[in-house]
Amino acid sequence: MKIVKEGDTRNVLCHNCGKSTATYLLRDVDFSDRSGAVKNILAAVCNGCQQVVSIPAQCTPQIKQAFDQNRQPLEVRVPAHFLDILNVATQKIDESLGEEFSKMLILYYLHALISGRYTKDELKSLLNSELAQAKASKRLSMKISPRQMAELTALMQQQNLSKISDVVKAVILKINQDLVQEKNLSGLAELRNVAAAFC
């Protein structure tokens, strides 16, 4: 690994400028999923447009540490057909989307519910529906931000639920009701815009 220092220059291929030169400067760089940023790391900055064009390998440990601090694992067990619900809902939004979008869909719904954009009055009752009465035999894993964990916890308290997994199950059942059963498609256009940015 070649170690670079602040002020070093190199030839680069910039998205904006084409062939260009870049100087290694200290910058705050956003994660690719826009969930946070790593602060004050060396980055190759295009001398033409001043955009970050690359990050040296020596900064990988800092990036990993910042990313791990920003996100935490969430793992819940759900009935197998809950994953099917997520896949069907995802396909209704955009047929080109893969399974990864289903996790984003859960987080989108979580935020919409906690912010009052979607009604949450019936959430707890959805857990008593026939669809919810099945063995939780599948694992659903994702990484979430501290804000998303706070939203999960807030919704759990608001609905008088005892477990985070019940919140996730209720959100999936709400997705089923709205998108799969087509009882509320008012958010579909916005979800398609989110999906376009995700692809």
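Structure first, text after, so check above.
Residues numbered from 1 in each chain as written. Predicted model: local features only at pLDDT ≥ 70, side-chain atom pairs only at ≥ 80, totals over all residues. Heavy atoms only, no water.

Asker: What's the story with the sheet that holds strand β4 (residues 52–54) in this structure? I'm lost.
Answerer: Strands in a sheet are paired, the pairing made by backbone hydrogen bonds, and the direction either parallel or antiparallel. Spatial strand order, β1-β2-β3-β4: 4 strands in an open sheet with antiparallel pairing. Edge positions in the sheet fall to β1 (9–14) and β4, since each of these pairs with one other strand and no more. Taking each pair of neighbouring strands and ignoring which way they run, the sheet shows an average axis angle of 60°. Here strand β2 (residues 18–30) runs beside strand β3 (residues 37–46); their pairing, made up of 8 bridges, is antiparallel. By the bridge assignment for β3, A22 is matched with C46. (Pairing = 2+ DSSP bridges. Helix = DSSP H or I, 4+ residues; strand = E, 2+ residues; numbered from the N terminus. Axes fitted to C-alpha atoms, helices over the stretch in contact; angles between N-to-C directions.)

Asker: Would you mind showing me how to read the environment of I3 here?
Answerer: Positionally, I3 belongs in the segment before β1. Residue class for I3 comes out exposed when judged on its relative accessible area of 57%. Each C-alpha atom, one on I3 and one on P56, is 8.0 Å from the other, the two residues being 53 residues apart in sequence. (Buried < 20%, exposed > 50% of the residue type's maximum accessible area, 1.4 Å probe, protein only.)

Asker: Looking at this model, I keep getting lost on the side chain of D178. Mind explaining?
Answerer: Tracing the backbone through its elements, the reader meets D178 in helix α6 (residues 164–180). Setting aside its immediate chain neighbours within four residues, D178 contacts Y109, K183, N184 and L185. (Contact = heavy atoms within 4.5 Å.)

Asker: Teacher, can you tell me more about the packing of aromatic side chains here?
Answerer: The relative placement of two aromatic rings is captured by the distance of their centres and the angle of their planes. Tallied over the full model, the rule gives 3 aromatic pairs. Taking 6.3 Å as the distance between ring centres and 65° as the angle between the ring planes, the aromatic pair formed by Y108 and Y118 counts as edge-to-face. Of this pair, Y108 sits in helix α3 (residues 100–114) while Y118 is found in the loop between α3 and α4 (123–126), placing the two residues 10 residues apart along the sequence. The exposure classification of Y108 matches that of Y118, with both residues buried. Here Y109 and Y118 contribute two aromatic rings whose centre-to-centre distance is 4.8 Å and whose plane-to-plane angle is 50°, an arrangement assigned as tilted. Of the residues examined, Y118 reaches a relative accessible area of 8% and is grouped as buried. Taken together, the aromatic side chains of Y108, Y109 and Y118 make up a single cluster linked through ring pairs. (Phe/Tyr/Trp six-rings, centres within 6.5 Å; stacked < 30°, edge-to-face > 60°.)

Purely geometric stuff here, so don't read any function into it on its own.
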